[in-house]
Every structure is written in structure tokens, then in C-alpha cells.
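One-letter residues, chain by chain:
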Amino acid sequence: MTTRSRWTHALILLLVALAIRAWDFGNPVIEPDQQYYLLVGDRLLHGAVPYIDIWDRKPIGLFLLFAGIRTLPGNGILAYQLMATLCAWATAIVVGRAAKTLGTNDRGALGAGTAYLLVIALVGGGGGQAPVFYNLPMAVAGLLTLHLPAKATAERPVAIVASGIVACLLAGIAIQLKYTPMFEGAFFGLAHLWFLRRAGARWGGIVGATAAWALMGLLPTLAAIGWYRAQGQTAFDAFWFANVTSIALRRGYAASDLAIRLLGIAAQLSPLILGAVLTWRARPRGGAVRETILVGYAWLGFALAGFFAIGTFFDHYALPLVAPLAILAAPTLGRSIRMLILTLGVAIAILIAKRLLHPSDAAGAYAVAQVVEANSGGACPYVFIGDTITYHLAHACLPTAYAFPNLLAYDTEQGATGIDEAGEVRRILARRPPVIVTSDRRLSIWNRGSLRAVKAALARNYRPVFTTPRNSWHTIVYLRNDRRFRS
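Read on for a plain summary of the structure.

Rules of the game
- Residues numbered from 1 in each chain as written.
- Predicted model: local features only at pLDDT ≥ 70, side-chain atom pairs only at ≥ 80, totals over all residues.
- Heavy atoms only, no water.
- Phe/Tyr/Trp six-rings, centres within 6.5 Å; stacked < 30°, edge-to-face > 60°.
- Buried < 20%, exposed > 50% of the residue type's maximum accessible area, 1.4 Å probe, protein only.
- Lys NZ or Arg CZ within 6 Å of the ring centre and 35° of its normal.
- Helix = DSSP H or I, 4+ residues; strand = E, 2+ residues; numbered from the N terminus.
- Contact = heavy atoms within 4.5 Å.
- Salt bridge = Lys/Arg side-chain N within 4 Å of Asp/Glu carboxyl O.
- Axes fitted to C-alpha atoms, helices over the stretch in contact; angles between N-to-C directions.
- Parallel < 35°, antiparallel > 145°, perpendicular 65-115°, else oblique.
- Left-handed = near helix turned anticlockwise from the far one by under 90°.
- Nonpolar A, V, L, I, M, F, W, Y, C, P; charged D, E, K, R; others polar.

## Structural notes on the packing of aromatic side chains
- Enumeration according to the criterion identifies 26 aromatic pairs in this entry.
- Note on Trp227 and Tyr228: the rings are 5.0 Å apart at their centroids and 80° apart in plane angle, and the pair reads as edge-to-face.
- By relative accessible area, which is 45% here, Trp227 ends up partly exposed.
- Considering the side-chain rings of Phe308 and Phe313, the 5.6 Å spacing of their centres and the 80° angle between planes classify their relative orientation as edge-to-face.
- Note on Phe308: relative accessible area 46%, which makes it partly exposed.
- Three or more aromatic residues joined by ring pairs form one cluster here, namely Tyr37, Tyr51, Phe63, Phe66, Tyr80, Phe133, Trp227, Tyr228, Phe236, Phe239 and Trp240.
- Over the ring of Tyr253 we find Arg261, and its NZ or CZ is 4.3 Å from the ring centre.
- Across the ring face of Phe314, the terminal group of Arg261 is positioned such that the distance to the ring centre comes to 4.0 Å.

## Overview of the side chain of Asn135
- Within the secondary structure layout, Asn135 lies in helix H6 (residues 130-146).
- Sequence-distant contacts of Asn135, defined by excluding residues within four places in its chain, comprise Thr91, Tyr116, Leu319 and Pro320.

## Some points on the pattern of salt bridges
- If you walk through the whole model with that rule in mind, you get 14 salt bridges.
- One salt bridge connects Asp42 with Arg43, and the closest N-O pair in it is separated by 3.3 Å.
- The buried category is assigned to Asp42, whose relative accessible area is 7%.
- The network of salt bridges with common partners includes Asp42, Arg43 and Arg70.

## So, the packing of helix H1 (residues 3-21) against helix H4 (residues 77-100)
- Direction vectors running N to C along H1 and H4 enclose 140°, while the axes themselves pass 9 Å from each other. Put simply, H1 runs oblique to H4. When you trace H1 past H4, the crossing you get is right-handed. Of the residues in H4, those in contact with Arg6, Ala10, Leu13, Leu14, Ala17, Leu18 and Arg21 of H1 are Ala84, Thr85, Ala88, Trp89, Ala92, Ile93 and Arg97.
- Residue composition of the contact of H1 with H4, by class: 10 nonpolar, one polar and three charged.

These values are about where atoms sit, not about what they do.
In C-alpha cells form, the structure reads like this:
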């Protein structure tokens, strides 16, 4: 690929990224998770300590990333969306470059990059989910790993050692955005170890390289552990419980729910899966390209291990699968115009359907925040079920460290936060928040104690003052009876 072609492909991918994502620029409620990441990042800048003052299970690196984004002009919403768009675009470029290592032509490489941008938007990556950011370092690490067969054939052990240092450090950074990249990171290390031996390195050098790679992969997490350890035992215990212990305490979802989610993910990824299968069937019988394709499938296998390790099968957990799938499908996309049209066409059709079926709720979210801010009077409102971005947009204080609604409202979290969740809800209500945000959404996974306490408080002391559509339900704002409504 010439330099001119690379710039042309990069420009096309940028235009595709903007065409897909610009519709939601400024929308504060694309997905629930990044709302909370932005809230935590903002409060971190104001002195809050994650896992102590505001609680979640995500690694500290993710909140530091959003804290950094929060220093940019504006309220942080457009800033994180622009940063996510740049990361998605850069990842698509890397996907195209990686596809070339599998022997695909320029059309296949561009098709793979375009497919990446389309498909991540299908599976919950249209905003700022953690994998939208960490897929970039993982894709670069994957590209380095796909170059290993050629380096081993050329007997370049020093180049492999250097590649492993970079790849493992990139994986270590990704692990501090979410822990599941540890599976892919382990593969990158093992692949470098295998090909270092193939390149003729001596055992002493292999042992030293392995130690260096492990250190690079662990370094960001060791830094986080070290900081919390330096803050004292209480802070370290809070960090360890949130990041390690609590993960195993979460309750599972019903098997029927998991099956439906898994089928939905498989359907949305099906064109890329088909392309990857056809690439396998048409793989060369020998040579460096065949070996590189095998490395690509091994990468996908470890990414799948991370996907199944979580086990809840929400759409966005499939985001780490998209880059290796798109790379593996690239040779097929390059050979077959029909497969290229099918892959891109199906993704575009689903995106359009989703857009038509679920119009933006941005205006309603901003209206809720305005009502909450106008009626809180300097006291802390309580979002029992709703969008956590409401706290941020309303410039409101938090009534609890467990501000992400699911933590206190869903029975899947019962016993997994280290507190009595219903007791925490009762404590919040005992302080008589001026405003409570909830919804008329019907769920089978309510924490019954929490729901019962909120319903009793609303019936006794609150009245509804504002309602707005939110997806297929409504967000409802309740005002305490002794307060005058300010519109």
C-alpha cells in the first residue's frame, strides 16, 4: 500500500466514523455506563477517591481517562464522544493495517476498517464504552503479534523482544481500563515467547524477555495497587474489594435472558463471523501468511475467553471481538464483492433500523437535569432508577457513594457491594432528598427491599412533577411535598 493510499484510506475511515457517530454528539444518554464514567471522572477532579467516595468495579485507569477528558472545555459529554471517535477511527486504521498481514488486498483492508466502525456501533460502542478506548492499544498489540511469524522467519530475536515489551505494555494499559483484556494480553505474551524461541533465542534471553514482558503487562495495575496501599489499609481494602472480591459476589441472570442476549450478539456479528470462517476455509496450505492467519485465530480465541468469562452477554461485552473478527474477515472481503456488500449492508441496515426505532432521548435527559437542578435547592437529589448523568448535568451532590442506580436497585447486586443495599436506600430516604428520580420501567430483577422503601417514601412524602419518555418507558421526577415546584 502506497503512502497516498494509506492517507486516502484514513480519510475515508474518518468520514465513515463521523457519519456513524456524529448523530449522537452531545447526547448525554447514549449508554448508561459512560455516563457514570464521566461522573466519576468529574468527581475525581474534585477530590473524590474511587471505591471510597464513589463506588464501582472498573479499574482506576478508566476513571483517570475520563478525568483527563473532563479537563477539556465543556461539560465533558461532547469531549468524551470526540475522543471516542478518534480512538475508533485510529483503531479502524490499525485493523486495516493488520488485515494486510493476512495477505488481503487494499479493498479487503478498507472493508475491514469500515466494518469495524459499523459493527462496534451495533454492539453498544457508539459512545464511550471502555472497549472503544482500549481496543486501540489492543489492536496495536495485535498488529505487532501478527508480524511475529515474519520476524521469526528472519531470525530477529531482538526485534521480537522489543515488540513484546510494547505489546505487553499496551495490554497492561488496556487492563487498567477494564480487566478482561488480560486474556488477550496473556496471548500476546505467549505468542511472543513462542516466536522468540522460533527465532533461535537462547534460554537465558527467553527467561529475561519473559520477565520483562510480564513486568510491562503488570506495571499499570501494580501502580494502582501501590497508590492505594500508600493511602493506608482502609483505602487498600476498599480497592481490593471493589476490583477483586465483589466481582465474584454478583448474582447471575436467568439462563433465558443470557441465551437471548447471546443470540442477539451472534446475529449482529454474523457477517464478520461468516467472513472469518470463509477466510479459514480458503487459507493457504503453507507459508508465512498461513501462520499469520493462525495467529489471528488464536487472538480471537483468547478474546472469546474474555467475553465468556464475564458471562452476562450484554452487547458491549462483544466489542473486543470486533477487531480480530474484522481482521480475519478481511481476506474474504477483499476476494468477494458480495461478502463485502453483505457485511457492510447488514450493519448499515441494522443501524438505520435502530435509529428509527429508538430516537434520541437527549432532550428529555437535559430537561430532567434542569428540573432536578431547579428543585434541589443545594441538597442532594436521589436517582433511584434513571440516568446518572443527571447528577452531573444538574451540578448536584451525591447522596451515596453507590450512585450507579443498578447497585442499589437490582437484585443481581444484592450482597455484592459489601453493604446492605436496601439499608443504604433507607438511609438515603431518611435524609429526605428534595427530589427523587425514578421510572415506570418494569423489571424482574428489582431489589425488593430497595423498591419497597422507595415506593413507600414516594407515596408518603412526594408527588410527580415531571415526566419524559426514555426508551420504551418514562423517567419520572418526584418532588417532596413540602417544596414548591420550580419549572
